[in-house]
Each structure stands twice: as C-alpha cells, then as structure tokens.
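A structural walkthrough
Chain by chain, the residues run as shown.
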Amino acid sequence: MALAILKNGVWERWDGWLDEAQHNTLDVERCWSTAELADAGLAVIQPAIIPPGKVPVGEAVLVDDDGVPRESYQLADAPIPDITRRQLRLWMLNAGHDDAAIRAAIATLDEPERSQALIEYEDASTYQRSHPLFDLIGPAFEMTPTDVDQAFREAALL
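A brief structural summary. None of these values were measured; they are calculated from a predicted model. (Residues numbered from 1 in each chain as written. Predicted model: local features only at pLDDT ≥ 70, side-chain atom pairs only at ≥ 80, totals over all residues. Heavy atoms only, no water.)

1. What to know about the overall build of the protein
Condition: Starting at the N terminus, helices and strands are each numbered in turn, a helix being any DSSP run of H or I of at least four residues and a strand any DSSP run of E of at least two. Only C-alpha atoms enter the radius of gyration; for comparison, a globular chain is expected to reach 2.2 Å times N to the power 0.38, where N is the number of residues. Burial classes: relative accessible area under 20% of the type maximum marks a residue as buried, over 50% as exposed, and values in between as partly exposed (1.4 Å probe, protein chains only). The contact rule is simple, with two residues in contact once any of their heavy atoms fall within 4.5 Å. What sets the accessible areas is the Shrake-Rupley method with a 1.4 Å probe; for residues, cover comes only from the shown protein chains. When charges are counted, Lys and Arg contribute as positive and Asp and Glu as negative, whereas His and the chain ends are disregarded. By convention, the point assigned to a charge is CZ for Arg, NZ for Lys, CD for Glu and CG for Asp.
Counting its secondary structure elements, the protein contains 7 helices and 9 strands. The C-alpha radius of gyration computed for the protein amounts to 26 Å, which surpasses the reference 15 Å derived for 158 residues by more than 25%, pointing to a less compact arrangement than a globule. Principal-axis analysis of the C-alpha atoms places the extent of the protein at approximately 75 × 25 × 25 Å. Counting only residues that meet the buried cut, the protein has 27% of its 158 residues in that class. Long-range pairs, those at least 24 residues apart, make up 52% of the contacts in the protein with a sequence separation of at least 6. With the model as given, the accessible surface of the protein reaches about 10000 Å², and the carbon-plus-sulfur share is 53%. Between the mean site of the 12 positive side-chain charges and the mean site of the 28 negative ones, the protein shows a separation of 7 Å.

Below, the structure is given as structure tokens:
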C-alpha cells in the first residue's frame, strides 16, 4: 500500500513528512484509520485501471479520481500473444473453418509461398502473428490484418 498527500489540490506521493515531523510510512499505513489518514490530508493510492488489451507504459502519475488518488499510465496496445497449433485450429473451427479450409486457402498461394506456408502450418508448434503466413491467407477468410490480430488474441484464450 502506498499513500499520497493532497497539496494545493494535487495528489503527490507521500514521503513521510507531516508538518515538521517525519513519520514512519509503514506504521502510518498499518496503524492509521481511513479517517485519521483523511484528517492528515493523506489517502491510499488506488491502482491504475488498465482496460483489457492494453498495457501500461512509463511511470505512473497520480490523478484525482473523485477525491481519491489513483495511479494513471500512458497506455499502449498489449502485444499480440503467440498461439499454439491447437489454439489456431480451435479458433478457426469456432469461426466455421476446418482444417480443409485452411489447406485450401494455402493451396491458392503461388510458389514458393504455398510450400513455405504449408510447412509453417503443418510443422510449427507455435505461431507468431508477425509471420507473413497469416497476412497471406487472411484474405481467403475475408479477414483484414486487424481481424487477424483479434483472432490471435481470442485464440490465446482457448
């Protein structure tokens, strides 16, 4: 648990000083009630709210969340996870595409991409979104690159 102090209407991380005395922050955090903290202008810092699919970037800053200090971060898209062959095939099946449909999409590619894509599909134990295979066969399933990104995120949960 960490504490913040309200100074001139702005929350700042509390360094232990109140008036002219420095307090042991651990004792204050453990022993003071919420009311005692409020009387001293202190409050427990609430954790940042990170939406699904996002990750925090950089250092946290404190923001006022209806009178309570809350950590806040710049947010970036979460990296697209690698998926297993099982997850890929289950996702495709759930989307209405069986193994034959995947192989048919690969068969439409020109050589040498067709042979390379078939090897990747059949022999990889994990798949990375960055691999060109998915941008090559995505259109056969009417999937944009953004759709493929989302498919990887969903497949990772299977």
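2. Topic: the nonpolar core
The line we're drawing: Remark: nonpolar core denotes a set of buried residues (Ala, Val, Leu, Ile, Met, Phe, Trp, Tyr, Cys) joined through side-chain atoms within 4.5 Å.
Grouped together as the largest cluster of nonpolar side chains are 21 residues, with contacts concentrated most on Leu-88, Ile-102, Tyr-127, Phe-134, Ile-137 and Phe-141. Put simply, the parts of the chain that give this core at least two residues each are α3 (85-94), α4 (99-107), α5 (113-123), α6 (133-137) and α7 (145-155). When residues of this core are assigned to their parent elements, the largest contribution, 4 residues, is made by α7. Excluding residues within four positions of it along the chain, Tyr-127 makes contact with Asp-82, Ile-83, Thr-84, Arg-85, Leu-88, Glu-120, Tyr-121, Phe-134 and Phe-152. Counting residues in each nonpolar core, the second largest holds 7 residues, with Leu-3, Trp-14, Leu-37 and Leu-42 among its members.

3. A short note on α3
The cut-off we apply is this: Arc definition: directions from the helix axis to the C-beta atoms.
Taken residue by residue, α3 has Gln-87, Leu-88, Trp-91 and Met-92 as its buried positions. All buried residues of α3 project into a common sector of 130° when viewed along the axis, lining one side. Every exposed residue of α3 that faces more than 90 degrees away from the buried side is listed here: Leu-93 and Asn-94. Looking at the buried residues of α3, the elements they touch are β8 (83-84), α4, α5, β9 (126-127), α6 and α7. Two residues or fewer past α3, Gly-96 is found with a positive phi of approximately 95°.

4. Quick look at the pattern of salt bridges
Threshold: We define a salt bridge as a side-chain nitrogen of Lys or Arg found within 4 Å of a carboxyl oxygen belonging to Asp or Glu.
Throughout the structure, instances matching the rule amount to 10 salt bridges. We note a salt bridge from Arg-13 to Glu-71, for which the minimum N-O separation is 2.9 Å. Here Arg-13 is found in strand β2 (residues 10-13), whereas its partner Glu-71 is found in strand β7 (residues 69-77), with 58 residues between them in sequence. Using a relative accessible area of 41% as the deciding quantity, one classes Arg-13 as partly exposed. For Asp-65, the salt bridge is made with Arg-70, and the minimal N-O distance between the two is 2.6 Å. Via salt bridges that share partners, Arg-89, Asp-99, Arg-103 and Glu-122 belong to a single interconnected network.

5. Considerations on the packing of α4 against α5
Note the cut-off: Lines fitted to C-alpha atoms define the axes, with helix axes restricted to the stretch in contact, and inter-axis angles between N-to-C directions lie between 0 and 180 degrees. For classification purposes, angles smaller than 35 degrees are called roughly parallel, those larger than 145 roughly antiparallel, those between 65 and 115 roughly perpendicular, and all remaining angles oblique. Ten residue types, Ala, Val, Leu, Ile, Met, Phe, Trp, Tyr, Cys and Pro, are classed as nonpolar, four, Asp, Glu, Lys and Arg, as charged, and the remainder, Gly among them, as polar.
For the pair α4 and α5, the least separation of the axes is 9 Å and the interaxial angle reads 155°. With respect to their mutual orientation, α4 and α5 come out roughly antiparallel. On the side of α4, the interface is formed by Asp-99, Ile-102, Arg-103, Ile-106 and Ala-107, while α5 contributes Arg-114, Ala-117, Leu-118, Tyr-121 and Glu-122. Here the contact of α4 with α5 is built from residues that sort into 6 nonpolar, no polar and 4 charged.

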